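Fold and geometry: a report
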Amino acid sequence: MAQGRTARDSEPTGGADTRLAGKISVVTGAAQGIGLAIARRFAAAGARVIVADVNPPPHREMVFRRTDVSCEEEVRALVDFAVREYGGIDVLVNNAGIALEKPIEHTEVAEWERVMAVNVRGVFLCAKHALGAMRGRGGAIVNIGSIEAHGANPLHAAYAASKGAVHSLTRNIALEYGADNIRCNAVAPGWIDTPFNENFIAQHPDPEQMRAAVRALHPLGRIGAPQDIAEVVLWLASDAARFASGQVYVHDGGRTACLPLPALPGQ
């Protein structure tokens, strides 16, 4: 068996969280940001977590398998490792993804295809190979989509298109494998405080003004934290969500509930 403890986030009050006790979980793109928060939260809930990424996580005690999710051989090796060392997979979180900021007319075909390879092919390949490791024991697949599959941001055509595909693939997995007691859902985050988004803000001439403007887009008055997404993913992965499948859960602080208007007098 693979050795090594999985890094734990803070324990919830009222005793140990056992919602994923004994569950074998694979989280892709878990070296930082949302993926790392999910891996930590799963570990705190009792799961054995395998971190799959092209870069190692910051915590050496995490079980890490270097994996390029766009490469079928590497994905197959990841799943084989989980089956060999732990006996199977109970939870798969497809979080690995990349973004591209370019106008459509200036987007190179190679750039478009790279986004699709990681964001769409990666989800397909991980699900394809994990399904066999789940069959006979049931399981939960959670794909990380985006609110950009529902509404557009400028310069994000490739990213938005890829996340639309992820949402559609989510429904097909749920449809085809529900009879095997395998559930599949997606979470569509809004603006989350990740290194990518922080770098975007840092490019603004006045980062603090930009950060305040982003906060103002949210009725809750704040930017989301990776832990906010991790909590929803934990619920979807747990038996508490045993009747949830084929859905896309928007988690965006109310951002997409608001239709923007110019400031009115007195506002």
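In what follows, the structure referred to is the one given above.
The written sequence of each chain sets the order in which its residues are numbered from 1. Only residues with pLDDT of 70 or above have their local features reported here, since the model is predicted, and side-chain atom pairs are shown and tallied only from 80 upward, although totals for entire chains, interfaces and linings are computed over all residues. With hydrogens and water excluded, all non-hydrogen atoms of the structure serve as input to the side-chain values.

1. Comments concerning unusual backbone geometry
Where we set the bar: Partly exposed describes any residue whose relative accessible area lies between the buried limit of under 20% and the exposed limit of over 50%, with all areas from a 1.4 Å probe on protein chains only and scaled to the type maximum. Secondary structure counts use DSSP, requiring at least four H or I residues in a row for a helix and at least two E residues in a row for a strand, with both numbered from the N terminus.
Positive phi values are uncommon outside glycine, yet Leu155 reaches one of about 75°. Classification of Leu155 by relative accessible area gives partly exposed; the value is 43%. Look at Asn181: it is not a glycine, yet its phi comes out positive at around 60°. As for its position among the elements, Asn181 is in the loop between helix H4 (157-177) and strand E6 (182-189).

2. Looking at the pairing of strand E5 (residues 139-144)
How we decide: By the convention used here, strands pair only if DSSP detects at least 2 bridges between them. Orient the strands so they point away from the viewer; a crossover is then right-handed if the path from the first strand over the helix to the second runs clockwise.
With six of six residues buried, E5 lies mostly within the body of the structure. Two elements, strand E4 (residues 91-94) and E5, share four bridges in a ladder whose sense is parallel. Bridge assignment links Val93 to a residue of E5, and that residue is Val142. Crossover connection from E4 via helix H3 (residues 109-134) to parallel E5: handedness right-handed. Pairing of E5 with E6, which is carried by six bridges, proceeds in the parallel orientation. Directly across from Val142, in E6, lies its bridge partner Asn185. Taken together, E5, H4 and E6 form a β-α-β motif whose crossover is right-handed.

3. Here's the deal with the packing of aromatic side chains
We count it as follows: Only Phe, Tyr and Trp rings are paired, with Trp represented by its six-membered ring, and only when their centres lie within 6.5 Å; those with planes under 30 degrees apart are stacked, over 60 edge-to-face, the remainder tilted.
Inspection of the entire model under this criterion finds two aromatic pairs. When the ring of Phe81 is compared with that of Tyr86, the centres are 6.3 Å apart and the planes differ by 85°; the resulting orientation is edge-to-face. Under the relative-accessibility criterion, Phe81 is labelled buried at 8%. Residue Tyr86 is classed as buried on the basis of its relative accessible area, which comes to 14%. Their ring planes at 80° and their centres at 5.9 Å tell us that Trp235 and Tyr249 sit as a pair that is edge-to-face. A residue pair is termed long-range when its members are at least 10 positions apart, and Trp235 in helix H7 (residues 226-237) and Tyr249 in strand E7 (residues 248-251) qualify at 14 residues. With relative accessibility at 32%, the residue Trp235 sits in the partly exposed group. Assessed through its relative accessible area of 26%, Tyr249 is described here as partly exposed.

4. Here's the deal with the pattern of salt bridges
Between side chains of opposite charge, a pair can form when the charged atoms approach closely. Keep this limit in mind: Here a salt bridge means any side-chain nitrogen of Lys or Arg lying within 4 Å of a carboxyl oxygen belonging to Asp or Glu.
Under the counting rule described, the total for this entry stands at 13 salt bridges. Asp90 is the partner of Arg137 in a salt bridge, and the nearest nitrogen-oxygen pair spans 2.9 Å. Taken together, the positions of Arg137 in the loop between H3 and E5 and Asp90 in the loop between helix H2 (72-86) and E4 put the pair 47 residues apart, joining distant regions of the chain. Judged by its relative accessible area of 37%, Arg137 is partly exposed. Relative accessible area serves as the criterion here: at 10%, Asp90 is assigned to the buried category. A cluster of three or more residues bridged by salt bridges with shared partners is formed by Asp17, Arg19, Arg41 and Glu231.

5. Some remarks on the environment of Gly151
Position of Gly151 among the secondary structure elements: in the loop between E5 and H4. Judged by relative accessible area, Gly151 falls into the partly exposed class, the value being 34%. Residues Gly151 and Val51 lie 100 residues apart in sequence; the distance between their C-alpha atoms is 31 Å.

6. Considerations on the packing of H3 against H4
Spelled out, the test is: Under this scheme, a helix contributes an axis fitted over its contacting stretch, all axes are lines through C-alpha atoms, and angles between N-to-C directions fall in the 0 to 180 degree range. Angle categories are assigned with fixed cut-offs, so that under 35 degrees is roughly parallel, over 145 is roughly antiparallel, 65 to 115 is roughly perpendicular, and the rest are oblique. With the far helix as reference, a near helix turned anticlockwise by less than a right angle produces a left-handed crossing, and one turned clockwise produces a right-handed crossing. Contacts are residue-level and defined by heavy atoms, with any inter-residue pair within 4.5 Å sufficient.
Put simply, H3 and H4 touch, their axes get as near as 9 Å, and they point 15° apart. The angle between the axes of H3 and H4 places the two elements in the roughly parallel class. Here H3 and H4 pass one another in a crossing that is right-handed. Contacts between H3 and H4 involve Trp112, Val115, Met116, Asn119, Val120, Val123, Phe124, Ala127 and Leu131 from the first element and Ala157, Ala158, Tyr159, Ala161, Ser162, Lys163, Ala165, Val166, Leu169, Ile173 and Tyr177 from the second.

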